[in-house]
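# Summary of structural features
Chain by chain, the residues run as shown.
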Amino acid sequence: MRLAILTGGGDCPGLNAVIRAVVRHSVKNYGSEVVGFLEGWRGPMDNMVMPLSLRSTESIINRGGTILRTSRTNPFNTEGGPERIMANMSSNGLDGLIAVGGEDTCGVANRMHKEHGLNVVCIPKTIDNDLSATDFTFGFDTAVNIVAEAIDRLHTTAESHNRVLVCEVMGRNAGWIACYGGIAGGADFILVPERPIVIDDVIEAIKKSHGRGRDYSIVVVAEGAKFADDSLNDNNVERDDFGHEKLGGIGDKLARFIEARTGFETRATTLGHIQRGGSPTAFDRVLATRFGVHAADMAHEEKWGRMVSLKGERVTDVPVEDAVDKLKTLDLSLYKVAEVFFG
Ligand code: F6P
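Residue indices follow the written sequence of each chain, beginning from 1 at its first position. pLDDT decides what is reported in this predicted model: residues at 70 or higher carry local features, side-chain atom pairs at 80 or more are listed and counted, and totals for whole chains, interfaces and linings draw on all residues regardless. Excluded from the side-chain calculation are hydrogens and water; included are all heavy atoms of the structure.

### As for the pairing of strand β5 (residues 120-124)
To sort residues, take the accessible area from a 1.4 Å probe on protein chains only and compare it with the maximum for the residue type: under 20% means buried, over 50% means exposed, and anything in between is partly exposed. By the criteria applied, helices consist of DSSP H or I runs no shorter than four residues and strands consist of E runs no shorter than two, each listed in order from the N terminus. Judged by how many residues are buried, β5 sits mostly within the fold: 5 of 5 residues are covered. Neither face of β5 is left uncovered, since the one carrying Val 120, Cys 122 and Pro 124 and the one carrying Val 121 and Ile 123 both have all their residues buried. In short, DSSP must find at least two bridges between two strands for them to pair. As paired strands, β5 and strand β10 (residues 306-311) are joined by 2 bridges and run parallel to one another. Across the sheet, residue Val 121 finds its bridge partner in β10, namely Arg 306.

Following this line, the structure appears as structure tokens:
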């Protein structure tokens, strides 16, 4: 077979591990050829191709980012975009495509498969862990570890200065990173998009823990969290090619409210793209490798229109439409665990 692979959407640690696994398994065990399309869906649309070999994908399992680069290109926003993709698949003699991405990249793959007959297999990745039909995406574990380490560091400086430190984390409209990272870091309050922010609750919890003699607090807030009082939300935001809000800034706002209402000196830290950078954890390297091997098998079995999925301990596959139907928001039973430690 002759296959292509692309990485789309925000990058995340583990993308190079998945590319390596797809190439190694396809070339070595199936005698197939693999090429890379560069920069997400822009690659197949503009015919940006890069050869991939066993040699060129060696020693990249531990490297962050993606050697294929990425973009948030939506080919359905370009006149003739999907048709150009189909033409480039055929001019490159390709039998199928492996698309590694989150909700947007997989959403495009689903439409390309259904509306244009593209032979495509998807692999779920995103630090946000918000893709349905898989228990976990790779990239998430690394982001959570970065957040946990950052909170550990915030603890010592918060304690030294008797401060409240607010830590803003990514995750878009799902609170997975905030909740996992916050629990692991021992946060005193965690705010997620799934539960509107009631300032009084945050203030009460902080005052309660300070009343017990503790002079500092750590509050974790997800970038997509919104105030219950809508007049406090900023609804005039920029959007990307897929219509997603460009988020950020809630941490600063929250810090100002906390300082004004408690009188405790408060600072905000935004972790931002640090959460997406650097080497993947061992967990993400292994998950990405398992996903890549499974996707190569699926392509060779011509299981088009499906996505690799982790169900419990097992790697399996599901129709890609199951993954993009609905966002996988935070499991609120996990939030209940976090709440035990508030206040
Ligand atoms: O989807 C991954 C993610 O890192 C989100 O958590 C975040 O909101 C967004 O991407 C940031 O996007 P960009 O890299 O385009 O600023």
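Right, picking up where we left off after that structure.
### Regarding the side chain of Arg 276
With respect to the helices, strands and loops of the structure, Arg 276 is situated in the loop between β9 (266-270) and α9 (282-300). We classify Arg 276 as buried; its relative accessible area is 15%. Polar contacts here mean pairs of N or O atoms no more than 3.5 Å apart (in protein, one a potential hydrogen donor and the other a potential acceptor; neighbouring residues in sequence count only if both atoms are side-chain atoms). Within the local environment of Arg 276, its side chain forms a polar contact with the side chain of Asp 11, the two groups lying 2.8 Å apart. Look past the residues within four positions of Arg 276 in its chain and what remains in contact with it is Gly 10, Asp 11, Cys 12, Pro 13, Arg 72, Ile 127 and Met 170. Residue contacts are counted whenever heavy atoms from the two residues lie within 4.5 Å of one another.

### Section: the packing of helix α7 (residues 199-211) against helix α8 (residues 250-262)
Running from amino to carboxyl end, α7 crosses α8 at an angle of 60°, the nearest separation of the two axes being 10 Å. Compared by their axis directions, α7 and α8 come out oblique. The handedness of the crossing between α7 and α8 is right-handed. Judged by residue contacts, Ile 199, Asp 200, Val 202, Ile 203, Ile 206 and Lys 207 of α7 engage Leu 254, Phe 257, Ile 258, Arg 261 and Thr 262 from α8. Looking at the contact of α7 with α8 residue by residue, the class counts come to 7 nonpolar, 1 polar and 3 charged. Structural elements are reduced to axes, namely lines fitted to C-alpha atoms, with helices fitted over the stretch in contact, and the angle between N-to-C directions of any two is expressed from 0 to 180 degrees. Here is the rule for angles: anything less than 35 degrees is roughly parallel, anything more than 145 is roughly antiparallel, 65 through 115 is roughly perpendicular, and the remaining ranges are oblique. Take the far helix as your reference; a near helix turned counterclockwise from it by less than a right angle gives a left-handed crossing, and one turned clockwise gives a right-handed crossing. When residue character is reported, Ala, Val, Leu, Ile, Met, Phe, Trp, Tyr, Cys and Pro are called nonpolar, Asp, Glu, Lys and Arg charged, and the others, Gly included, polar.

### As for helix α5 (residues 140-161)
Every helix has an expected span of 1.5 Å times one less than the residues it contains. Given a rise of 1.5 Å per residue, 22 residues ought to cover 32 Å, and the 31 Å separating the end C-alpha atoms of α5 matches this to within 8%. For α5, the complete set of buried residues consists of Phe 140, Thr 142, Ala 143, Val 144, Val 147, Ala 148, Ala 150, Ile 151, Leu 154, His 155 and Ala 158. Turning to α5, the residues buried within the fold contact β6 (164-169), α6 (176-185), β8 (217-222), β9 and α9. Positive phi appears at Asn 162, one or two residues downstream of α5, with a value of about 55°.

### Examining empty space enclosed by the protein
Of the two site types, the cavity is a set of points on a 1 Å grid over the protein atoms alone where a 1.4 Å probe fits but cannot get out, and the pocket is an open set with protein on both sides within 12 Å along at least five of seven lines, each lined by residues with an atom within 4 Å of a point. Grid points are joined across faces, edges and corners, and a volume is the space filled by probe spheres set on the points. Evaluation of the coordinates by the stated rule reveals 1 cavity of 30 Å³ or more. Of the volumes computed, that of the largest cavity is approximately 40 Å³. In terms of residue class, the lining of the largest cavity is built from 2 nonpolar, 5 polar and 2 charged.

### Focus on the site of the ligand
Around the ligand lies a shell formed by Arg 72, Ile 127, Asp 128, Met 170, Gly 171, Arg 172, Glu 223, His 273 and Arg 276. The contact in question runs from an oxygen atom of the ligand to an N or O atom on the side chain of Arg 72, over 2.8 Å. At 2.8 Å from an oxygen atom of the ligand is found a side-chain nitrogen or oxygen belonging to Arg 276. Protein chains bury 77% of the 400 Å² of accessible surface belonging to the ligand in isolation. Each molecule is checked against the cavity or pocket grid, and it sits inside if more than half of its atoms lie within 2 Å of the grid points. Under a 2 Å grid-point criterion requiring more than half of the atoms, the pocket assigned to the ligand is the largest pocket. Residue proximity to a molecule or strand is established when one non-hydrogen atom of the residue lies within 4 Å of it. The method behind every accessible area is Shrake-Rupley, applied with a 1.4 Å probe, and residues are considered shielded solely by the protein chains displayed.

### Looking at the nonpolar core
Core analysis: the largest hydrophobic core is formed by 79 residues, its most contacted members being Ile 123, Phe 138, Ile 197 and Leu 254. For this core, the element with the highest residue contribution is α5, accounting for 8 residues. Each domain's limits were defined by an automated method or a database of domain assignments. The residues that make up this core include at least three from each of domain 1 (2-139 + 280-324) and domain 2 (142-277). By nonpolar core we mean a set of buried residues, namely Ala, Val, Leu, Ile, Met, Phe, Trp, Tyr and Cys, connected to one another through side-chain atoms within 4.5 Å. Residues Leu 6, Phe 76, Leu 118 and Cys 122 belong to the second largest nonpolar core, which totals 25 residues.

### A short note on the domain arrangement of the protein chain
By the assigned domains, the protein chain splits into domain 1 (2-139 + 280-324) and domain 2 (142-277). Centre-to-centre, using C-alpha coordinates, domain 1 lies 33 Å away from domain 2. Taken over both partners, the interface formed by domain 1 and domain 2 buries close to 1600 Å², and the fraction arising from carbon and sulfur atoms is 51%. Together, Arg 72, Ile 127 and Asp 128 form the three largest contributors to the area buried by domain 1 at its contact with domain 2, with a combined 35%. For the salt bridge of Asp 11 with Arg 276, the shortest nitrogen-to-oxygen distance reads 2.8 Å. For the pair domain 1 and domain 2, the interface holds 9 residue pairs in polar contact (both at pLDDT 80 or more). Across the side of domain 1 that touches domain 2, the residue classes break down as 6 nonpolar, 7 polar and 7 charged. Put simply, buried area is the surface a 1.4 Å probe can reach on two separate parts but cannot reach once they are joined, added for both. Throughout this description, the term salt bridge denotes a Lys or Arg side-chain nitrogen within 4 Å of a carboxyl oxygen of Asp or Glu.

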